[in-house]
Amino acid sequence: MMEEGVKWACDYCTFENWQSAIKCTMCRAPKPSGPIITVEPYRSSPGLEPGPEWDPPRTESSSGLLICPDSSARPRVRPASTAESSSKWSCQVCTYLNWPRAIRCTQCLCQRHRARSPTEFPQTSGSNAGCRPAQPPSPVDPCEEYNDRNRLNTRVQHWTCASCTYQNWPKTKKCVVCDHPQPNNQEVIERTDSEEHSAIINVQDRARWRGSCSGGQSQTRSPPTSKREAQVKMDFQRIELAAGAMSSREEQEVDFKKLKQIKNRMRKTDWLFLNACAGVVEGDMAAVEAYKSSGADIARQLTADEVRLLNRSSAFDPGFTLVHLAIRFQRQDMLAILLTEVSQQAAKCIPSLVCPELTEQIRREVSASLHQRKGDFNCFFLSDLVTFTLPADIEDLPPAVQEKLFDEVLDRDVQKELEEESPVINWSLELGTRLDSRLYALWNRTAGDCLLDSVLQATWGIYDKDSVLRKTLHDSLHDCSHWFYTRWKEWESWYSQSFGLHFSLREEQWQEDWAFILSLASQPGASLEQTHIFVLAHILRRPIIVYGVKYYKSFRGETLGYTRFQGVYLPLLWEQSFCWKSPIALGYTRGHFSALVAMENDGYDNRGAGANLNTDDDVTVTFLPLVDSERKLLHVHFLSAQEMGNEEQQEKLLREWLDCCVTDGGMLAAMQKSSRRRNHPLVTQMVEKWLDGYRQIRPCASLSDGEEEEEDEDE
């Protein structure tokens, strides 16, 4: 009966498989049909010397395979043709027997090592009287001879760096990767000498054992004590090597399972971060830009699991950021961009970045509220009406804390350009002061997703980090392409004619331009156009008012062209009863969109507008002007030929789609209504948690003391 520990060796790759395996685990070769002869491995005993009983009988049934006693703890199976096996060469790394013409190992692709033949040790001569004639020594199996030598060579040829774990050649005094000095060369030399000594003892002991096998049984005397100790030491070495091989395989299996678990937990942002890290090392700026445009944290640090996934310990260390990698690999161009982004993110503190857990829950709520309507016009739409406003509790903070809050949440450059350089917002004292309808430009990402970010900021107060809104935009454009294409084509023709440009395009040219607009919606980071704002108005089911500069200008202040974004975008393809009349406001400056939000106020009572509304006290009403600073009516985009008309007809259309009123100053304005009590609870919780961080800030004591002293002097 065959023991369970005995394995069968594959004839092709020499891998030892379990008896239950019908194919080789490594190369999938079928199990050999010939008999497998098993022999008990050699066991050292103080009272017994190996004798001729170790010579296996050469029978016809066993002529195909022979068992050769080996220094390892398991019997080795080799072909009977010794000339054929001896002509092969053994790999010095994996000990695989390769054909003579092979210049590289078939298994590990290592270069062939031109080694000299092993040293032959003379057999012990003695009297063979009364014994059977001595047989010639059996040919030496190359696998047996090279095993210990290969283990010795692999350990001597390299030294491991204590800093980056890179294996260097013994002649190098410093690590070639990190320039770390070689640690204590004397210890490496002593360990090498001991390993060489043990290897020589192992080879000499095997030679003596083979010589004793050729002698008779009468020479059964006890070996000397030193030989017995060496043999016991060899047995322990064999056990350790076998255990090490088993443990290494088990460790590989455990590592594979753990890496698989780590990969399953990875999200899209995590993969973008790893690609960005690899991009810094390889000099790929596109990978860094892709991660930056996702709106993730530029100062994110590598974890130990992420370093294991990258599988390059010489380059990546836990705790490293993109800036660290750019410094290590001297990427000066990337370093300047990364440092700028890190400083901006460090200076900004918006609610969605302060509360990442609540932000993720809000993103899931947004995804759950997206639905697709059935029918001919099967566009996607949001089922919830949410409007983001800054909390009124900001006014209760000390002036210094208020200034810090506005610096961290607002885009001061956009605010200045829209207010001062070209008065687009907050130009009316009546709306900004008496009606508390001042607009604030929130800071967001400076990539091509700024339009989608600003739309979600004006409604839910978050970014489109997972590109949910972009995907919805693309799907709506694709599914309702015929509806939007007709509006877009008609509007482009009318708009060009309004500037005196009379031309006609072939249908193929129109189709090419429309295909380009569709492609922009599907590319993360791609800049969007007016058509996409028109589609977003249908997804939100509410009007979008864009306050933007009229001209493109260079950094020198030169006018480059005319912008076409400012105006009102109505969901004209929906029924009016299916839409809300409370709009959102966006700002546009130099190719960048920003969310324009107001601050909560005490309600609509006694503010002098030309209408009497029965609203609750907690309802915030923001008056958005429908005229520019020159009192001209804002353009309504994507009107059909029947809807186009003079200014009075457009004003009538605006009153139908928005809650409009005329102020005491005679200004037409749209009313944006929001209720903190009726707002989404997750958004309210996120804003409260963000505001709590500023409530805990106390103004500087020296500043308050100075102010008190000034007040005392005034008295």
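Right, let's walk through the structure included here. (Residues numbered from 1 in each chain as written. Predicted model: local features only at pLDDT ≥ 70, side-chain atom pairs only at ≥ 80, totals over all residues. Heavy atoms only, no water.)

**Overview of the overall build of the chain**
So, point 1. In terms of helices and strands, the chain carries 22 helices and 20 strands.
So, point 2. Considering the chain as a whole, with its 715 residues, one finds that 42% of them fall into the buried category.
So, point 3. Long-range contacts, defined as pairs at least 24 residues apart, comprise 63% of the intrachain contacts of the chain with a sequence gap of at least 6. (Helix = DSSP H or I, 4+ residues; strand = E, 2+ residues; numbered from the N terminus. Buried < 20%, exposed > 50% of the residue type's maximum accessible area, 1.4 Å probe, protein only. Contact = heavy atoms within 4.5 Å.)

**Here's the deal with the pattern of salt bridges**
So, point 1. Applying the stated rule across the entire model yields 24 salt bridges.
So, point 2. Between arginine 300 and aspartate 270 there is a salt bridge, and its shortest N-O distance comes to 2.8 Å. Taken together, the residues span a long stretch of sequence, with arginine 300 in the loop between α6 (285-293) and α7 (304-310) and aspartate 270 in helix α5 (residues 268-282) at a distance of 30 residues. Take arginine 300 and aspartate 270: they sit in the same class, and that class is buried.
So, point 3. Glutamate 419 is paired through a salt bridge with arginine 438; the nearest N and O atoms lie 3.1 Å apart. Within this pair, whereas glutamate 419 is found in helix α13 (residues 412-421), its partner arginine 438 is found in the loop between α14 (429-434) and β11 (440-441), the two being separated by 19 residues in sequence.
So, point 4. Residue classification places glutamate 419 among the partly exposed residues on the basis of a relative accessible area of 21%.
So, point 5. Here the salt bridges do not stand alone but share partners, grouping Asp393, Glu688, Asp692 and Arg695 into one network. (Salt bridge = Lys/Arg side-chain N within 4 Å of Asp/Glu carboxyl O.)

**Let's talk about the sheet that holds strand β20 (residues 668-675)**
So, point 1. Here three strands make up an open sheet; going across it, the order is β18-β20-β19 and the pairing antiparallel. Looking at the sheet topology across the chains shown, the edges are occupied by β18 (619-625) and β19 (660-662). This sheet shows a mean twist of 40 degrees between the axes of neighbouring strands, independent of strand direction.
So, point 2. Taken together, the seven bridges between β18 and β20 define a ladder with antiparallel strand orientation. Counted as the bridge partner of threonine 620 is serine 674 from β20. (Pairing = 2+ DSSP bridges. Axes fitted to C-alpha atoms, helices over the stretch in contact; angles between N-to-C directions.)

**Things to note about the environment of threonine 472**
So, point 1. Mapped onto the secondary structure, threonine 472 falls in helix α16 (residues 468-479).
So, point 2. C-alpha separation for the pair threonine 472 and leucine 536, spaced 64 residues apart in sequence, amounts to 9.1 Å.
So, point 3. What threonine 472 contacts, discounting residues up to four positions off in sequence, is Leu370, Phe380 and Ile539.

**Quick word on α6**
So, point 1. Of the residues making up α6, those classed as buried are Ala287, Val288, Tyr291 and Ser293.
So, point 2. A distance of 3.2 Å separates the backbone nitrogen of alanine 286 from a side-chain oxygen at the start of α6, and that oxygen is part of aspartate 284. (Polar contact = N/O pair within 3.5 Å; in protein donor to acceptor, adjacent residues only side chain to side chain.)

**Describing empty space enclosed by the protein**
It is the rolling of a water-molecule-sized probe over the atoms that shows where space remains empty.
So, point 1. Enumeration over the complete set of coordinates arrives at six cavities of 30 Å³ or more.
So, point 2. Ile425, Asn426, Trp427, Ser428, Leu431, Gly432, Ser437, Leu439, Tyr547, Phe623 and Pro625 are the residues that line the second largest cavity.
So, point 3. Listed by contribution, the elements that provide at least two residues to the lining of the second largest cavity are α14 and β18.
So, point 4. Partitioning the lining of the second largest cavity into residue classes produces seven nonpolar, four polar and no charged. (1 Å grid on protein atoms, 1.4 Å probe; cavity = no way out; pocket = protein on both sides within 12 Å on 5 of 7 lines; lining within 4 Å. Points joined across faces, edges and corners; volume = space filled by probe spheres on them. Nonpolar A, V, L, I, M, F, W, Y, C, P; charged D, E, K, R; others polar.)

**Comments concerning the nonpolar core**
So, point 1. Judged by nonpolar contacts, the single largest core of 118 residues is most densely connected at Phe484, Ile544 and Tyr547.
So, point 2. Counting 25 residues, the second largest nonpolar core, distinct from the first, contains Ile262, Met266, Phe273 and Val288. (Core = buried A, V, L, I, M, F, W, Y, C linked by side-chain atoms within 4.5 Å.)

**So, the packing of aromatic side chains**
Aromatic ring pairs are reported here in terms of the distance separating the ring centres and the angle at which the planes meet.
So, point 1. What the rule picks out here adds up to 20 aromatic pairs.
So, point 2. Centre to centre, the rings of phenylalanine 377 and tryptophan 574 are 4.9 Å apart; their planes meet at 75 degrees, and the pair counts as edge-to-face. Here phenylalanine 377 is found in the loop between β9 (370-372) and β10 (380-382), whereas its partner tryptophan 574 is found in the loop between β15 (567-569) and β16 (584-589), with 197 residues between them in sequence. As far as the burial class goes, phenylalanine 377 and tryptophan 574 line up, both buried.
So, point 3. Ring geometry for tryptophan 488 and tryptophan 510: centres 5.4 Å apart, planes at 85 degrees, overall edge-to-face. Taken together, the residues tryptophan 488 in helix α17 (residues 481-498) and tryptophan 510 in helix α18 (residues 507-522) connect sequence positions 22 residues apart.
So, point 4. Through pairs of rings, three or more aromatic residues link up here, namely Phe377, Phe381, Trp483, Phe484, Trp491, Trp494, Phe534, Trp574, Phe578 and Phe638.
So, point 5. The side chain of lysine 88 reaches across the aromatic face of tryptophan 99, ending 4.2 Å from its centre.
So, point 6. A cation over a ring is seen here: arginine 373 above phenylalanine 578, with NZ or CZ 4.3 Å from the ring centre. (Phe/Tyr/Trp six-rings, centres within 6.5 Å; stacked < 30°, edge-to-face > 60°. Lys NZ or Arg CZ within 6 Å of the ring centre and 35° of its normal.)

**Side note on the side chain of glutamine 457**
So, point 1. Inspection of the secondary structure assignment puts glutamine 457 in helix α15 (residues 450-459).
So, point 2. Take glutamine 457: its relative accessible area is 3%, and that puts it in the buried class.
So, point 3. Apart from the residues lying within four places of it in its own chain, the contact partners of glutamine 457 are Ile350, Phe388, Leu442, Trp443, Asn444, Ile462, Tyr463 and Ala595.

**Quick notes on α18**
So, point 1. An ideal rise of 1.5 Å per residue puts 22 Å on 16 residues; α18 measures up with 23 Å between its terminal C-alpha atoms.
So, point 2. Inspection of α18 places Trp510, Trp514, Ile517, Leu518, Leu520 and Ala521 among the buried residues, and these make up the whole buried set. One side of α18 holds all its buried residues, which, seen down the axis, span an arc of 155 degrees.
So, point 3. Structurally, α18 contributes buried residues whose contacts are with α16, α17 and α19 (530-540). (Expected span 1.5 Å × (residues − 1). Arc of directions from axis to C-beta.)

**A word on the packing of α17 against α19**
So, point 1. At a closest axis distance of 11 Å, the pairing of α17 and α19 adopts a crossing angle of 135 degrees. Taken together, α17 and α19 sit at an angle that is classed as oblique. Classified by chirality, the crossing of α19 by α17 is right-handed. Contacts between α17 and α19 involve Phe484, Arg487 and Trp488 from the former and Thr531, Phe534, Val535 and His538 from the latter. (Parallel < 35°, antiparallel > 145°, perpendicular 65-115°, else oblique. Left-handed = near helix turned anticlockwise from the far one by under 90°.)

**Overview of the sheet that holds β15**
So, point 1. Strands sit in the order β11-β17-β16-β12-β15 across an open sheet of five strands; the sheet is mixed. Where the open sheet ends on each side, the last strands, each with one partner, are β11 and β15.
So, point 2. The pairing of β11 with strand β17 (residues 592-597) spans two bridges and is antiparallel. Of the residues in β17, the one forming a bridge with tyrosine 440 is valine 597.
So, point 3. Contacts between α13 and the sheet are confined to β11, β12 (544-548), β16 and β17, with β16 contributing the most and set at about 90 degrees to the helix.
So, point 4. Packed on one face of the sheet, α19 meets β12, β15, β16 and β17 and runs near 145 degrees to β12.

**A closer look at the packing of α17 against α18**
So, point 1. Where α17 contacts α18, the two axes come as close as 11 Å, and the packing angle between them is 115 degrees. Along this stretch, α17 crosses α18, giving a crossing that reads as right-handed. Taken together, the residues of α18 that come into contact with α17 (itself represented by Ser481, Phe484, Tyr485, Trp488, Lys489, Glu492 and Ser493) are Glu507, Trp510, Gln511, Asp513, Trp514, Ile517 and Leu518.
So, point 2. A class-by-class count of the residues in the contact of α17 with α18 yields seven nonpolar, three polar and four charged.

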